[in-house]
Amino acid sequence: MTNTKHWKSTMPSWMWKKWQRHFNPSFLDDGIDEDDDGDEEEEEPRIFTVGSRFWSKQPPAGGGMIQGIFFARFMTEEGIKVLHQSPPGCIVPDPTIPSHLRKPPLFDFAPMSEYIIPKQAFCNRYVTSTDPENKYRILGYPVCISDKKYSRNELMFNFCIVIGTEVDKIPYEAVVKRLASTFTEMEVQGEFLSREGEGMEERRSIAALLEIIKEDLNNYNECMIPVGKSPFLTYFKHSQVTRCTDDANTINMKLFPIYAPPPPVKAWHVPISKMKFSSIIDDTWDLTLQKVIDKIDGISDVRRIAHNADVSLALCKTALQHLLYYDSILMLDMFMFGNIYAPTPKLREFVQTPALQSECAAYVYYPTQSQTLSPFYLTRLLSTLCTSRTLKEWLKLHMEQGFPVLNFVDVRRFIQFGVIKGLIYRVHKYAVSNAILVERAVEEGLIGEDAQRKSRRVLNEVGERIAELADGTHCFDQITVELNLSDPKIMDQLKRFPRGDVEIIYR
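This structure is a prediction, so every number in the text was calculated from the model and none was measured.

Trainee: Kindly report on the overall build of the protein, identifying the contributing residues and their values.
Mentor: Summing up its helical and strand segments, the protein has 20 helices and 19 strands in all. Across the 507 residues in the protein, those meeting the buried criterion constitute 44%. For the protein, long-range pairs separated by at least 24 residues make up 65% of all intrachain contacts whose partners lie at least 6 apart in sequence. Element-wise, carbon and sulfur atoms account for 51% of the exposed surface of the protein, whose accessible area totals about 28200 Å².

Trainee: Can you explain the nonpolar core? Please cite residues and give values.
Mentor: Ranked by internal contacts, the top residues of the largest apolar core, which has 34 residues, are Phe159, Phe183, Ile213 and Ile251. Elements that contribute at least two residues to this core include exactly strand S3 (66–75), strand S7 (143–146), strand S8 (154–164), helix H5 (170–190), helix H6 (206–220), strand S9 (222–226) and strand S12 (250–254). In terms of residues, this core owes the most to one element, H5, which gives seven residues. Ignoring any residue separated from it by four or fewer positions in sequence, one finds Phe159 in contact with Phe70, Phe71, Leu139, Gly140, Tyr141, Val176, Leu179, Phe183, Leu193, Ile206 and Leu210. One finds Ala361, Leu391, Phe403 and Leu423 within the second-largest nonpolar core, a separate group that totals 26 residues.

Trainee: Any chance you could break down the packing of aromatic side chains for me, citing the residues and the numbers?
Mentor: Under the counting rule described, the total for this entry stands at 13 aromatic pairs. With a centroid separation of 4.5 Å and 20° between ring planes, the pair formed by Phe71 and Phe159 is classed as stacked. Note that Phe71 is positioned in strand S3 and Phe159 in strand S8, a separation of 88 residues in sequence. A connected cluster of aromatic rings, assembled from ring pairs, spans Phe71, Phe157, Phe159, Phe183 and Phe192. Taking NZ or CZ as reference, Arg413 lies 3.9 Å from the ring centre of Tyr363, over its face. Positioned over the ring face of Tyr430 is Arg507, at 4.3 Å from the centre of the ring.

Trainee: Let's hear about the state of the cysteines: which residues, and what values?
Mentor: Scanning the entire structure with this criterion turns up zero disulfides. Looking at Cys144, it has no disulfide partner, and the nearest cysteine sulfur is the one in Cys123, 5.2 Å off.

Trainee: Can you break down helix H11 (residues 354–364) residue by residue, with the values?
Mentor: Within the span of H11, buried status applies to Leu356, Gln357, Cys360, Ala361 and Val364. Within H11, the buried residues cover an arc of 140° as seen down the axis, which keeps them to one side. Turned more than 90 degrees away from the buried face of H11 sit Pro354, Ala355 and Ala362, all of them exposed. Buried-residue contacts for H11 involve helix H10 (347–352), helix H12 (375–383), helix H14 (405–408) and helix H15 (411–420).

Trainee: Give me the sheet that holds strand S18 (residues 471–475): which residues, what numbers.
Mentor: Judged by pairing direction, the sheet is antiparallel, and its three strands sit side by side in the order S18-S17-S19 without closing on themselves. At either end of the open sheet lies a strand with only one pairing partner, and these are S18 and strand S19 (502–506). Averaged over all pairs of adjacent strands, the angle between their axes in this sheet comes to 25°, without regard to strand direction. Inspection of the sheet shows strand S17 (residues 429–433) paired to S18 by two bridges, in the antiparallel sense. Among the inter-strand pairings, Tyr430 is bridged to a residue of S18, identified as Cys475. Each of S17 and S18 is contacted by helix H16 (residues 434–443), which is oriented at about 65° to S17, the strand it contacts most.

Trainee: So what about H15? Which residues, and what values?
Mentor: For H15, the buried fraction is high: seven of the 10 residues fall into the buried class. Looking only at H15, the buried set comprises Val411, Arg412, Phe414, Ile415, Gln416, Phe417 and Gly418. The backbone nitrogen of Arg412 lies 3.2 Å from a side-chain oxygen of the residue at the head of H15, namely Asp410. Immediately downstream of H15, the backbone of Gly422 shows phi near 75°, a positive value.

Trainee: If you had to explain the side chain of Asp477 to someone new, which residues and values would you point to?
Mentor: As for its position among the elements, Asp477 is in helix H19 (residues 476–483). Owing to a relative accessible area of 1%, Asp477 belongs among the buried residues under this scheme. For Asp477, the contacting residues outside a window of four places in its chain are Trp268, Asp333, Met334, Met336, Arg426 and His428.

Trainee: Give me the lowdown on the packing of helix H8 (residues 302–309) against helix H9 (residues 313–325), citing residues and values where you can.
Mentor: Running from N to C, H8 and H9 cross one another at 110°; their axes reach a closest spacing of 9 Å. As far as their axial angle goes, H9 and H8 are roughly perpendicular. Once H8 is placed against H9, the crossing between them reads as right-handed. For the pair H8 and H9, the contacting residues are Val302, Arg303, Ile305 and Ala306 in the first and Leu313, Cys316, Lys317 and Leu320 in the second. Grouping the amino acids of the contact of H8 with H9 by side-chain chemistry returns six nonpolar, no polar and two charged.

Trainee: I'd like to hear about the confidence of the model for the protein, residue by residue, with values.
Mentor: Per-residue confidence for the protein gives a mean pLDDT of 81, with 78% of residues at or over 70. Of the regions scoring below 50 in pLDDT, residues 22–63 engages in 97 contacts with residues more than four places distant in sequence or in other chains. Note that residues 230–247 has pLDDT below 50 and, in this model, 28 contacts with residues that lie over four places away or in other chains.

Trainee: If you had to explain the packing of H11 against H15 to someone new, which residues and values would you point to?
Mentor: Two numbers describe how H11 lies on H15: the axes approach to 9 Å, and their chain directions differ by 145°. In this structure, the crossing between H11 and H15 has a hand that is right-handed. Residues Leu356, Glu359, Cys360, Tyr363 and Val364 of H11 lie in contact with H15, whose contacting residues are Arg413, Phe414, Gln416 and Phe417. Grouping the amino acids of the contact of H11 with H15 by side-chain chemistry returns six nonpolar, one polar and two charged.

About the thresholds
Note that residues are indexed from 1 along each chain, following the sequence as it is written. Local features in a predicted model are, by the rule used here, given only for residues with pLDDT of at least 70; side-chain atom pairs are given and counted only at 80 or more, and totals for whole chains, interfaces and linings are based on all residues. Calculated side-chain values reflect all of the structure's heavy atoms, with hydrogen atoms and water omitted. In this text, helices come from DSSP runs of H or I with a minimum length of four residues, and strands from runs of E with a minimum of two, each type numbered from the N-terminal end. Each residue is placed in one exposure class: buried if its accessible area under a 1.4 Å probe, protein chains only, is under 20% of its type's maximum, exposed if it is over 50%, and partly exposed if it falls in between. By definition, residues are in contact when any of their heavy atoms lie within 4.5 Å. The Shrake-Rupley method, run with a 1.4 Å probe sphere, supplies the accessible areas, and residue values consider only the shown protein chains as cover. We call a set of buried residues a nonpolar core when its members are Ala, Val, Leu, Ile, Met, Phe, Trp, Tyr or Cys and they connect through side-chain atoms within 4.5 Å of each other. Here a Phe, Tyr or Trp ring, Trp counted by its six-membered ring, pairs with any other such ring whose centre lies within 6.5 Å, and the pair is stacked when the planes are under 30 degrees apart, edge-to-face when over 60, and tilted otherwise. Only lysine NZ and arginine CZ atoms are considered, and such an atom sits over a ring when it is within 6 Å of the ring centre and within 35 degrees of the ring normal. For this text, the term disulfide refers to a pair of cysteine sulfurs within 2.5 Å. Note that the arc is computed from the directions linking the helix axis to the C-beta atoms. DSSP-based pairing: two strands are paired if at least 2 bridges between them are found. Here, axes are lines fitted to C-alpha atoms. For helices the fit covers the stretch in contact, and angles between N-to-C directions go from 0 to 180 degrees. Each polar contact in these results corresponds to two N or O atoms within 3.5 Å; when the atoms are within protein, one needs to be able to donate a hydrogen and the other to accept it, and residues that are neighboring in sequence are counted only if both atoms are side-chain atoms. Angles below 35 degrees are treated as roughly parallel, those above 145 as roughly antiparallel, those between 65 and 115 as roughly perpendicular, and all remaining angles as oblique. Take the far helix as the reference: if the near one is turned anticlockwise from it by less than a right angle, the crossing is left-handed, and if turned clockwise, right-handed. Throughout this entry, Asp, Glu, Lys and Arg are counted as charged residues, while Ala, Val, Leu, Ile, Met, Phe, Trp, Tyr, Cys and Pro are counted as nonpolar. The remaining residues, Gly among them, count as polar. Confidence of the prediction at every residue is given by pLDDT, a number between 0 and 100.

So this is what it looks like as structure tokens:
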């Protein structure tokens, strides 16, 4: 007699049920737990992590989006037929379900069957198709195994996943391919598919496997399913335990979210953290990543972070790109009082949204400031930013009008909030030298080399490095970081060019 009371009492109910589902197939067939003592069910924790990105209650990348999974095979006499499906009746009507409980299939299988089991030219490759109503997408990897032991000398089958057309299909491609490769190997080793039900008592049925795969991928974004009915524990008197084992295959799959490649990280960018890293970081994280994260303060640029963390600039950029990929940080420009900002059309949204105004006030006011201002003043501060006024001039304007901005507002956080929310944008400054433009035109063959002599003389006088950065494609932030010069010193360097040769462009 199997006694599992002791083991059940030592683990949460959700863990017990998952253990039962994976290692005791009869539990799935019976649909109930015979040892259920009526205790209140403990909710399974639903926190999913990928890198540093967390999901609570909702799985990542299409979790819970698998509408159906089915196994189709080409039968010698019946043609293309769906042998197993989960949930029952999702692809073709299930005669075992009472008529009053049946739900209509997700789509009409008949016109889609030629794409489920296609011609041999499309076999052994990833195939996607959409139902005629464009509501569902069928992802499959049709397989054709050639062998004389099969009828017509070949076995054709396909394990397909059905998702909505609005769901990103990229994360599911690896899952479909793994399903095909795993069951192909099981068929080659032991004829698992072609001899289904013939002496396979020690293995799970395909229907049970499909149901577990669907539920686990939807709920946990992963599955680890032993195909055999073992290992399982059998209990005897006097606490003697025997472990029964079976050389069975295991289906291991994990659903990973796919994100867009992160934008390039520049040395003059300033990373801002979007989460509290101290609550999730541990000793298993990469050492360079830990050192870089420790120096992220919302003020230091990438070059300074690399210097303070004692890591190379290239490694620092790589670490920050990983954090960008998982949406853990965002990048802003360096904050200086010589910067220029201007409002965007979204400023109207700020005026009409009290919640956004309250969020701004909580972020930008000094914590020690007991007196807060009305939203009118925050709107006034944002609306007075313009393309012809630096932050220093903007502050001076308000102070002359009797509004001591610095007594109430942290200007750096105020500007950061506006940029992050899209209420204002940065106006960058660029230097354009005519001598550099001539050099570029000669290199591209647009003008003759005679015009290069004068420009070459100018470049030799002012220095090669500053001249290369004065071509209109390098903003002053980049020049500041690469030459380690402040804005006034950059202007002094540009004065070494002949009068009228350099123009300053704001855009």
